[in-house]
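# Commentary on secondary and tertiary structure
These are the residues of each chain, in order.
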Amino acid sequence: MLQFARFTATRAALAVLTLLLVSFIVFSLMELVPGDCAERYIAFKNTQGAVITTADIEAERVRLGLDRPYVERWMKWVWNAFQGDFGDSCILRLNISQLLGDKFKISLGLSLAALVFAYMIAIPVGIYAAVSKNRVVNNLLRLVSYLGLALPNFLLALIIMLFSTVYFGESLTGLFSKEFRDAAWSWAKFVDFLKHAWLPIFILGWSATAFAIQTVRALMSDEIGKLYVTAAEARGVSGRRLLMRYPARHALAPIINSLGFDLNRIFNELPVVALILTLTEAGSLLIDALAKSNDQQLAGAIIFLLTGSIVTLNFVTDILLAIMDPRVRKSILR
Amino acid sequence: MSKRKAAPTAAEQKAREAYFTASQRQLIWQRFKKNKSALIGAWVLIVLILSGIFSPFLTPYDPTIAGRDKEYMNGPPEIPRFCDENGCSLRPFIYTTVRERSIQTNFRWVTEVKTGLEDRRYLQFFVEGSEYKLFGMTFNTHLFGVDKGQIHLFGTDSTGKDIFSRTFAAINTSMAVGTIGVFIAFILALIIGGVSGYYGGWIDSVLQMLTDTIRTVPAIPLFMALAAFIPDTWSAEMRFFFISIILGFIGWPTLARRVRTHLLTERNQEYVLAAQLCGASSSHIIRRHLLPSFTSYIIVDLVISFPYMVLSETALSFIGLGLKDPVNSLGVMLQNVTSADVLLNYQWYFIPVIFFIVLVLAFVFVGDGLRDAADPYSDSRK
């Protein structure tokens, strides 16, 4: 038990350290943009007709705390960020947490759903591919997994849109129907959301699925020839019971470890898929912030939140793995 | 198992000796040749790369705005034919199109196809056209063209640029971006992975921590943030190089890790100790003794990471943060295709996508084939 607590503590410390490093990178990116918030506020006032002097800009800097040293501002930003407060965007003059709130949750929900979707397909299909000697099935799966790489999600999204527009006259875009767009969350809105969400979930999960099938298949093929499987078979265990109780249990543990990287891959596709399907969530906000308004505060917050979710997932999977496999607990504290 | 054979013939003996004395590269090539899909992929790749390099010659028009056809905007692909109701011709031809706006067309621009005998445009080879530079020399001969007007095999886009010419120019751009990107990733990986693996200890721990951190940040959002720094005033070439550098940052963490793992196992070998005892410097040992021991693996990794570079560039350009108009790339060409107008009416905008899927697939097949060939245990594992 003590060992487990120590393991958890080390992992948590590592996760926080990673987040600190990430926050430093993100904060530096925000700071490197020419022109700080004070200049932007003042520039805005200038367009309203006020006469501005350099003294005004300096005063504004002091008011916003921009005259403090770099490290101090970074620490303050991180401290607030861990509490979920990312300050105000100086271009939109809105609180970033309010702006992001629901939209980030939608993005995270879509991505996690895509992850679940990917493994719900990949695990049975991968196991089947490893077991079956059917050449047609195996070649088909190879083709699918190659296409998963060669046909990136956004091309897939484009092609699906092309077909649905040409043959069904519907573009399948957006996340909500018109009447629900600005409504508060309710059961009806949720159902409507699900009706629209299946396509982004499928597209986001597509290449993750292709990769996952390959991984499951490889892990399963390694495990299936081992002696303990033959031994179990000799004892009279067979069929699905044999597969699930013996090789699958061992083969699938490493997959838990790779979940974080799969989420990373899905996040990579998020902005582009959002752009194509005109989704109103964090991915499209990120594009708006970077490609249109050059709003680094907003972009930084989104990148930090995305990375934060990955680090959290990695932490959770580490703990899960340690609960399942006592060897992992020991190995980390060499 | 079987009885030992009698003395092998001279030819057999020679073949066997050739196998044992073959260099690493020859062995890899032997195994690679056996893999049919990889071999086909390699041929496709060579053809595509060559057609990318020679694209100004192979394509009839300038892919930039300078080569636009004012008479044929958003025009569908024109496929040369031999016969029509006016009879056949040995030389394939296309029809003349005219854009006009008058009271009959309700003052809208309408493109009309004229199918008369005198409106045929005959296909010709080695025609003189716009000037282009290849290997520092200026040419103006193009592989094919038509006797009057222009021919657009893949149609044209909304400004009248020839999609066929743009597709091949885009392949060239993608290859160039990918090559520079892979090169930068390679150097970064060698330096960081090399230092980390060779010295080990706390330097290794710190560098690994950094690498892992960078690997946790989703790459595309991070590079979007970097690409947003490019000022609008930069020229297309500057943008091109900056994007290539950014792409270089995508590949290095994975590659650096591989280099490090190899070095960690290799540095305890006796030949390294021997070199150290001879007084060789660290950088000399890394460069002359350690790196050559796994060059082939590095090359394989580079080939495998190539499609990621190409696809990332496409994604960045598609969003509008990557390359911009005078430079052609798939992402640039796809920028406007999400509008319903294009999806419903101008599906030939999607023709370049096919080429890119083929390009990436070819790379994946070659990369997989090379990886299997470079792995001495790949035969026994199957």
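Since the structure is predicted, the reported quantities are computational estimates derived from the model, not experimental observations. (Residues numbered from 1 in each chain as written. Chains lettered and ligands numbered in written order. Predicted model: local features only at pLDDT ≥ 70, side-chain atom pairs only at ≥ 80, totals over all residues.)

Looking now at the overall build of chain B. Helix and strand counts for chain B come out as 15 helices and five strands. Relative to the globule expectation of 21 Å for 382 residues, the C-alpha radius of gyration of chain B, 27 Å, shows a markedly less compact shape. The dimensions of chain B, computed from C-alpha atoms along their principal axes, are 90 × 65 × 40 Å. Residues counted as buried form 37% of the 382 residues belonging to chain B. Counting only contacts in chain B whose residues sit at least 6 apart along the sequence, the fraction spanning at least 24 positions is 71%. (Helix = DSSP H or I, 4+ residues; strand = E, 2+ residues; numbered from the N terminus. Rg over C-alpha atoms; globule rule 2.2 N^0.38 Å. Buried ≥ 20, exposed ≤ 12 C-beta atoms within 10 Å, placed from the backbone. Contact = placed C-beta atoms within 7 Å.)

Of regular secondary structure, chain A possesses 14 helices and two strands. Relative to its 334 residues, chain A shows a buried fraction of 35%. Of the contacts made within chain A by residues no fewer than 6 positions apart, 74% connect residues no fewer than 24 positions apart.

Below, the discussion takes up the domain arrangement of chain B. With domains assigned, chain B is organised as domain 1 (78-151) and domain 2 (166-374). Between the C-alpha centres of domain 1 of chain B and domain 2 of chain B there is a distance of 41 Å. (Domains from an automatic or database assignment.)

Let us now look at the pairing of strand β2 (residues 87-100) of chain B. Residue and element names in this part refer to chain B. The pairing of strand β1 (residues 81-84) with β2 spans three bridges and is antiparallel. Residue pairing across strands places Cys83 opposite Cys88, the latter belonging to β2. Where β1 hands over to β2, the hairpin turn is made up of two residues, counted between the paired strands. Sheet topology places β2 next to strand β4 (residues 120-134); three bridges connect them, and they run antiparallel. Residue pairing in the sheet places Phe93 in a bridge with Tyr122 of β4. Examined bridge by bridge, β2 and strand β3 (residues 110-114) share five bridges and lie antiparallel to one another. Note on β3: the bridge partner recorded for Val98 is Glu112. (Pairing = 2+ DSSP bridges.)

Right, let's get into the interface of chain A and chain B. Residue-level contacts link 37 residues of chain A with 31 residues of chain B. Taken together, the elements giving at least two residues each to the side of chain A that touches chain B come down to α1 (2-32), α6 (135-150), α7 (153-168), α11 (247-276), α12 (282-292) and α13 (296-324) of chain A. Residue classes in the side of chain A that touches chain B are distributed as 30 nonpolar, seven polar and no charged. (Nonpolar A, V, L, I, M, F, W, Y, C, P; charged D, E, K, R; others polar.)

It is worth spelling out the nonpolar core at this point. As a rule of thumb, soluble globular proteins bury nonpolar side chains together. Counting residues in each nonpolar core, the largest one holds 150 residues, and the members touching the most others are Val273 and Ile302 of chain A together with Met224 of chain B. The biggest single contributor to this core is helix α5 (residues 163-199) of chain B, with 14 residues. Other than its neighbours up to four places away in sequence, Met224 of chain B contacts Pro271, Leu286 and Leu290 of chain A together with Leu316, Ile319 and Leu321 of chain B. (Core = buried A, V, L, I, M, F, W, Y, C linked by C-beta atoms within 7 Å.)

What follows covers the packing of helix α3 (residues 36-53) of chain B against α5 of chain B. Residues and elements named next belong to chain B. It is at 8 Å that the axes of α3 and α5 come closest, and there the two elements cross at 105 degrees. What the angle tells us is that α3 and α5 run roughly perpendicular. Packed against α3, whose contacting residues are Leu48, Ile49, Ser51, Gly52 and Ile53, the element α5 presents Phe168, Ile171, Asn172 and Met175 at the interface. Partitioned by chemical class, the residues of the contact of α3 with α5 number six nonpolar, three polar and no charged. (Axes fitted to C-alpha atoms, helices over the stretch in contact; angles between N-to-C directions. Parallel < 35°, antiparallel > 145°, perpendicular 65-115°, else oblique.)

We now examine the environment of Ser130 of chain B. Residues and elements named next belong to chain B. Of note, Ser130 is situated in strand β4. The partly exposed category is assigned to Ser130, around which 14 C-beta atoms lie within 10 Å. Distance from Ser130 to Ile285, taken between C-alpha atoms, is 53 Å for residues 155 residues apart in sequence. Once you skip the residues sitting within four places of it in the chain, Ser130 turns out to touch Tyr61, Asp62, Gly67 and Asn140.

For chain A, the average pLDDT comes to 77, and 81% of its residues sit at 70 or higher. Across chain A, the secondary-structure element scoring lowest on mean pLDDT is helix α14 (residues 326-331) of chain A, at 66, and the one scoring highest is α13 of chain A, at 84. (pLDDT = per-residue confidence, 0-100.)

The residue Lys70 of chain B is located in the loop between α4 (55-58) and β1 in this model. Along the backbone, Lys70 of chain B and Gly160 of chain B are 90 residues apart, and their C-alpha atoms lie at a distance of 5.9 Å.

All names here are of chain B. Packing of α5 against helix α8 (residues 236-266) leaves a shortest axis separation of 6 Å and a crossing angle of 35 degrees. Classified by chirality, the crossing of α8 by α5 is right-handed. Here the contact of α5 with α8 is composed, by residue class, of 21 nonpolar, nine polar and two charged. (Left-handed = near helix turned anticlockwise from the far one by under 90°.)

Residues and elements named next belong to chain B. In the predicted model, chain B carries a mean pLDDT of 78, and 93% of its residues have values of at least 70. Mean pLDDT values for the elements of chain B range from 48 in helix α15 (residues 378-381) up to 87 in α3. For this predicted complex, the interface confidence score (ipTM) comes to 0.76, while the overall pTM stands at 0.79.

Residue and element names in this part refer to chain B. Within the secondary structure layout, Ile298 lies in helix α11 (residues 295-319). The class for Ile298 is partly exposed, based on 19 C-beta atoms found within 10 Å. Put simply, Ile298 and Ala275 are 23 residues apart on the chain and 23 Å apart in space, counted from C-alpha to C-alpha.

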